[in-house]
Amino acid sequence: MTIRVWLKFFITLLAIGAISTVITSFFVSTHAYEPYLNPFDPWEIFGALLWYSGYGLVFSVIAQMGFFAYLTLHQFGKGFFGRFWTHAQVIMIGFVLFELVYLRYHQDVGPEGLFPYIVVAAMIAIYGYAVAKLKAKETHPRAFLPALFFMIVVTTIEWIPALQTGDPEWIMLMVVPLLACNTYQLLKLHRIVGFNNPEDTEAKKSQQTNSKPNQNGKKKK
């Protein structure tokens, strides 16, 4: 990855973080805009947009730091654990999902039941599974588990500052841009480095071979 490509990658992620945070704020932080709608005050609304955009930039940087830290961790895990790295990732995924439900429920002093925490963990797991399947489809089936690990475990670690507050507003404000940035990073990296699905590559080679004319000037069937 050249400096120019990385800079474009970095700026794109900053934009994704800012835009996704602003859009999320329209739904979970409506109180920040309501005082300036009646009467309409464009400058105050613009200031609120800048405020949430700034948070989005911070969330984007956190996501990028987590992504590059994960790439290092993954290589270290494969070298240190060997074939047991697969089992270690499965265990950590299960532990993180357990933490999102059971441990957060017991740490919360509110009257809510267990169901909201199950919903949060299930949504993270389902979304991570969908992204991991897409990653495996575009690259290699072996990429599924590392992608699932990244989308669930690494995203949750990046999400800890908001989870510790226990504020639903900040929890949503942070998780949406984190998921958006992490999805982009995961699905963009193999395109940047030029890695394609081996099955697709073989299919293209076979198609090109069949389309070449033989010695008699006829195409192979």
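That block above? That's the structure.
Residues numbered from 1 in each chain as written. Predicted model: local features only at pLDDT ≥ 70, side-chain atom pairs only at ≥ 80, totals over all residues. Heavy atoms only, no water.

S.K.: Before we go on, may I ask you to explain the overall build of the chain in this structure?
M.R.: Assigned secondary structure in the chain consists of seven helices and zero strands. Mapped from its N terminus to its C terminus, the chain presents α and β elements in the order α-α-α-α-α-α-α. For the chain, with 221 residues in total, the buried portion stands at 35%. A sequence separation of at least 24 residues applies to 69% of the contacts in the chain between residues at least 6 apart. Here the chain has roughly 13800 Å² of accessible surface; of this, 68% comes from carbon and sulfur atoms. (Helix = DSSP H or I, 4+ residues; strand = E, 2+ residues; numbered from the N terminus. Buried < 20%, exposed > 50% of the residue type's maximum accessible area, 1.4 Å probe, protein only. Contact = heavy atoms within 4.5 Å. Areas by Shrake-Rupley, 256 points an atom, 1.4 Å probe, with all protein chains shown as cover.)

S.K.: Whenever I open this one, helix α4 (residues 115-138) confuses me. Can you help?
M.R.: Across its 24 residues, α4 extends 35 Å between first and last C-alpha, which sits within 8% of the 34 Å expected from 1.5 Å per residue. Taken together, the buried positions of α4 are Tyr-117, Ala-121, Ile-124, Gly-128, Val-131, Ala-132, Lys-135 and Ala-136. (Expected span 1.5 Å × (residues − 1).)

S.K.: Is there a simple way to think about the environment of Ile-160 in this case?
M.R.: Assignment of secondary structure puts Ile-160 in helix α5 (residues 144-165). Overall, the relative accessible area of 35% leaves Ile-160 in the partly exposed class.

S.K.: Just checking my understanding: could you explain the packing of helix α1 (residues 3-28) against helix α6 (residues 168-193) for this structure?
M.R.: Helix-helix packing is described using two parameters, namely the angle between the two axes and the distance between the axes. Where α1 contacts α6, the two axes come as close as 9 Å, and the packing angle between them is 150°. With respect to each other, α1 and α6 are oriented roughly antiparallel. Where α1 crosses over α6, the two elements pack in a sense that is right-handed. Of the residues in α6, those in contact with Val-5, Phe-9, Thr-12, Leu-13, Ile-16, Gly-17, Ser-20, Thr-21, Thr-24, Ser-25 and Val-28 of α1 are Glu-169, Met-172, Leu-173, Val-176, Pro-177, Ala-180, Cys-181, Tyr-184, Gln-185, Lys-188 and Ile-192. In the contact of α1 with α6, the residues fall into 13 nonpolar, seven polar and two charged. (Axes fitted to C-alpha atoms, helices over the stretch in contact; angles between N-to-C directions. Parallel < 35°, antiparallel > 145°, perpendicular 65-115°, else oblique. Left-handed = near helix turned anticlockwise from the far one by under 90°. Nonpolar A, V, L, I, M, F, W, Y, C, P; charged D, E, K, R; others polar.)

S.K.: Honestly, the nonpolar core in this entry has me stumped. Any pointers?
M.R.: Taken as a class, soluble globular proteins show a tendency for nonpolar side chains to be buried jointly. Grouped together as the largest cluster of nonpolar side chains are 35 residues, with contacts concentrated most on Ile-93, Phe-150 and Trp-159. Of all the secondary structure elements, the ones that give two or more residues to this core are α1, α2 (42-81), α3 (85-107), α4, α5 and α6. It is α5 that provides the largest number of residues to this core, a total of twelve residues. Residues contacting Phe-150, with those up to four places away along its chain left out, are Gly-66, Phe-67, Tyr-70, Thr-155, Asn-182, Gln-185 and Leu-186. (Core = buried A, V, L, I, M, F, W, Y, C linked by side-chain atoms within 4.5 Å.)

S.K.: When you look at the packing of α2 against α5 in this model, what are you seeing that I'm missing?
M.R.: With their axes 10 Å apart at the nearest point, α2 and α5 run at an angle of 130° to one another. Classed by the angle they form, the pair α2 and α5 counts as oblique. As for how α2 packs across α5, the hand of that crossing is right-handed. From α2, Ile-62, Ala-63, Gly-66, Phe-67, Tyr-70, Leu-73 and His-74 reach across to α5, where they touch Pro-146, Ala-147, Phe-149, Phe-150, Val-154 and Glu-158. Partitioned by chemical class, the residues of the contact of α2 with α5 number ten nonpolar, two polar and one charged.

S.K.: Teacher, can you tell me more about the environment of Lys-188 here?
M.R.: Note on placement: Lys-188 falls in helix α6. Sequence separation between Lys-188 and Phe-9 is 179 residues; the distance between their C-alpha atoms is 8.8 Å.

S.K.: For this particular structure, what's the right way to read a nonpolar patch on the surface?
M.R.: A contiguous nonpolar surface patch, about 420 Å² in accessible area, is contributed by Trp-6, Leu-7, Ile-11, Phe-68 and Leu-71. Those elements that provide at least two residues to the nonpolar patch are α1 and α2. Per element, the largest residue contribution to the nonpolar patch is three residues, and it comes from α1. Counting through the fold element by element, Leu-71 comes out in helix α2. (Patch = residues over 30% accessible without salt bridge, like charges linked within 9 Å, V, L, I, M, F, W, Y side chains within 5 Å. Salt bridge = Lys/Arg side-chain N within 4 Å of Asp/Glu carboxyl O.)

S.K.: Please explain α2 as it appears in this structure.
M.R.: At 3.6 residues per turn, the α-helix brings residues three or four places apart onto the same side. In this model, α2 (40 residues) spans 56 Å end to end at C-alpha, consistent with the 58 Å of a helix rising 1.5 Å per residue. Looking one or two residues beyond α2, the residue adopting positive phi is Gly-82, at roughly 65°.

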